[in-house]
Amino acid sequence: MNTKEGPGVEKDSGKVPGIVRFCRVFAGRFWQMIVLNALYVFCCLPVVTIGPATAGLTYVMRNFSQGKPVEPFGDFFAKCKEHFKQGLAVFFIDLAVVGAAAFAAYMWSSDEMQVSSFLRTVALVVVFFVSVICLFANFYIYPLMVSFDLPFKKLVRNSIILGGYTLGRNIVMTLVSAAMFAVCFLLFPLSIIIILFFAFSFCTLVNQFLTFPVLVKYVAKPEEKKPEENEEDRIFSDKRIL
């Protein structure tokens, strides 16, 4: 594994404003991000491999964001392999959630549902908020996956909890992803270049700058176990491997 610090990352980077550190990392790792984005798209072509590929990209971008040693391409494949089962499970859960939310929204908005307008509105609001919670949880599930040795049940639970902790960060990540999607959609087919070489690595890097401080604050810091507290009551009592 590479033991050198990333370009543009200084030893006292913790004192540098986040936006400045982001610009330094983005500039220093630009060409690697382009190649990694193309590699990610290629690995996602079978579709079912989206989860493991996302785990690999998340690990590399997390290390980029923190100036940690990383071998971009070797570690990408290593983490894809290491988290293949969990990544696959997350992909199928996401697929099921999207399908269920779309079906529920269609049914409750359809005239076939003979219910009052109030109940219809309440149901659609519930579907919307559940979808938002799942979206926010996705911002954290892959960083948790590649940073902590967690059973899958805790991985899902902690990602949902963290998704509700920092609304401001979640909104920023959502807006960045939505803006990237809008640009790619409006400029298509010219935006194929952006999709192939830029979109995914850029959004993932932004997400890692925003999610990593949350992991450090709520997950990485060990908590003392209270006498009356059992293991299941402790939300963040996981082995740290950061």
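Further up the page is the structure itself.
These notes cover the structure that comes with them.

With that out of the way, let us pick up unusual backbone geometry. The step from Phe 188 to Pro 189 runs through a cis peptide bond, and the omega angle for that step is 10°. Mapped onto the fold, Pro 189 is located in the loop between α8 (167-186) and α9 (192-197). Its identity is not glycine, yet Val 47 carries a phi of approximately 70°, on the positive side. Here Val 47 lies in the loop between α2 (30-44) and α3 (50-66).

A word on the packing of aromatic side chains. In the structure shown here, the tally under the stated rule is 15 aromatic pairs. Each ring, one from Phe 91 and one from Phe 92, has its centre 5.3 Å from the other, and the planes form 65°; the classification is edge-to-face. Each residue in the set Phe 22, Phe 26, Phe 30, Trp 31, Phe 198, Phe 202 and Phe 209 is aromatic and connected to the rest through ring pairs, giving one cluster. Looking at Lys 79, its charged tip hangs above the ring of Tyr 59, at a distance of 4.5 Å from the centre.

For the rest of this paragraph, the subject is a nonpolar patch on the surface. Residues Phe 181, Val 183, Phe 185, Leu 186, Leu 187 and Leu 190 make up a contiguous nonpolar surface patch of roughly 710 Å² in combined accessible area. Tracing the chain through its elements places Phe 185 in helix α8.

Looking now at the nonpolar core. Among the nonpolar cores identified, the biggest contains 45 residues, and Leu 36, Phe 64, Phe 76, Tyr 140, Leu 144 and Leu 205 are the most heavily contacted of them. With 11 residues, helix α10 (residues 199-220) is the largest single contributor of residues to this core. Residues within four places of Leu 144 in sequence aside, it is in contact with Leu 150, Leu 155, Asn 158, Ser 159, Leu 162, Leu 215 and Val 219.

Before going further, it helps to examine α8. For α8, spanning 20 residues, the distance from its first C-alpha to its last is 28 Å, which sits close to the expected 28 Å at 1.5 Å a residue. Where α8 is concerned, the buried positions are Asn 170, Met 173, Met 180 and Cys 184. Looking down the long axis of α8, one finds its buried residues gathered within 100° of arc, a one-sided arrangement. Among the exposed residues of α8, those pointing more than 90 degrees away from its buried face are Leu 167, Leu 175, Phe 185 and Leu 186. Of the surrounding secondary structure, the elements contacted by the buried residues of α8 are α6 (117-147), α7 (152-163), α9 and α10.

We now examine the packing of α6 against α10. Taken N-terminus to C-terminus, the directions of α6 and α10 make an angle of 65°; their axes are 10 Å apart at the nearest point. Along this stretch, α6 crosses α10, giving a crossing that reads as right-handed. For the pair α6 and α10, the contacting residues are Phe 139, Tyr 140, Pro 143, Leu 144 and Ser 147 in the first and Asn 207, Gln 208, Thr 211, Val 214, Leu 215 and Val 219 in the second. Taken together, the residues of the contact of α6 with α10 break down into 7 nonpolar, 4 polar and no charged.

Let us look at the packing of α6 against α8. Close contact between α6 and α8 brings their axes to 10 Å; oriented N to C, the two are set at 90°. It follows that α6 is roughly perpendicular to α8 by the angle criterion. Across the interface between the two elements, Leu 135, Phe 136, Phe 139 and Tyr 140 from α6 touch Leu 167, Arg 169, Asn 170, Met 173, Thr 174 and Ser 177 from α8. Across the contact of α6 with α8, the residue classes tally to 6 nonpolar, 3 polar and 1 charged.

Take the side chain of Thr 58 next. Mapped onto the secondary structure, Thr 58 falls in helix α3. Polar side-chain contacts of Thr 58 include one of 2.7 Å to the backbone oxygen of Thr 54. When near neighbours in sequence (up to four residues on either side) are disregarded, Thr 58 contacts Tyr 142, Pro 143, Val 146, Thr 204 and Gln 208.

About the thresholds
- The residue numbering used here restarts from 1 in each chain and proceeds along that chain's sequence as written.
- Reporting in this predicted model follows two pLDDT cut-offs: at least 70 for local features of residues, and 80 or more for side-chain atom pairs to be given and counted; totals over whole chains, interfaces and linings ignore these cut-offs and use all residues.
- Only hydrogens and water are set aside; all other atoms, that is, all heavy atoms of the structure, feed into the side-chain values.
- Secondary structure elements follow DSSP: runs of H or I of four or more residues count as helices, runs of E of two or more count as strands, with numbering from the N terminus.
- For this analysis, a ring pair means two rings from Phe, Tyr or Trp (six-membered ring only for Trp) whose centres lie within 6.5 Å, classed as stacked if their planes differ by under 30 degrees, edge-to-face if by over 60, and tilted for the remaining angles.
- Distance and angle both matter: a charge sits over a ring if NZ of Lys or CZ of Arg is within 6 Å of the ring centre and within 35 degrees of the ring normal.
- To count toward a patch, a residue needs a relative accessible area above 30% and no salt bridge. Like charges then connect within 9 Å, nonpolar side chains (Val, Leu, Ile, Met, Phe, Trp, Tyr) within 5 Å.
- Exposure was quantified through the Shrake-Rupley algorithm and a 1.4 Å probe, taking into account, for residues, occlusion by the shown protein chains and nothing else.
- Within this document, salt bridges are pairs made up of a side-chain nitrogen of Lys or Arg and a carboxyl oxygen of Asp or Glu, the two lying within 4 Å of each other.
- For this analysis, a nonpolar core means a set of buried residues of the types Ala, Val, Leu, Ile, Met, Phe, Trp, Tyr and Cys, connected via side-chain atoms within 4.5 Å.
- Accessible area is worked out with a 1.4 Å probe on protein chains only. A residue is then buried under 20% of its type maximum, exposed over 50%, and partly exposed in between.
- Throughout, a contact is declared for two residues whenever any of their heavy atoms are within 4.5 Å.
- Expected span, for any helix, means 1.5 Å times one less than how many residues it has.
- To be clear, the arc concerns the directions from the helix axis to the C-beta atoms.
- Angles run from 0 to 180 degrees between N-to-C directions of axes, and those axes are lines fitted to C-alpha atoms, restricted for helices to the stretch in contact.
- Here a crossing is taken to be left-handed if its near helix is turned anticlockwise relative to the far helix by less than a right angle, and right-handed if that turn runs clockwise.
- We call Asp, Glu, Lys and Arg charged. Ala, Val, Leu, Ile, Met, Phe, Trp, Tyr, Cys and Pro are nonpolar, and the rest, Gly among them, are polar.
- In what follows, roughly perpendicular refers to angles from 65 to 115 degrees, roughly parallel to angles under 35, roughly antiparallel to angles over 145, and oblique to any angle outside these ranges.
- In protein, a polar contact means a hydrogen-donor-capable atom and an acceptor-capable atom, both N or O and within 3.5 Å, with residues adjacent in sequence counting only if both atoms are side-chain atoms; elsewhere, any N or O pair within 3.5 Å suffices.

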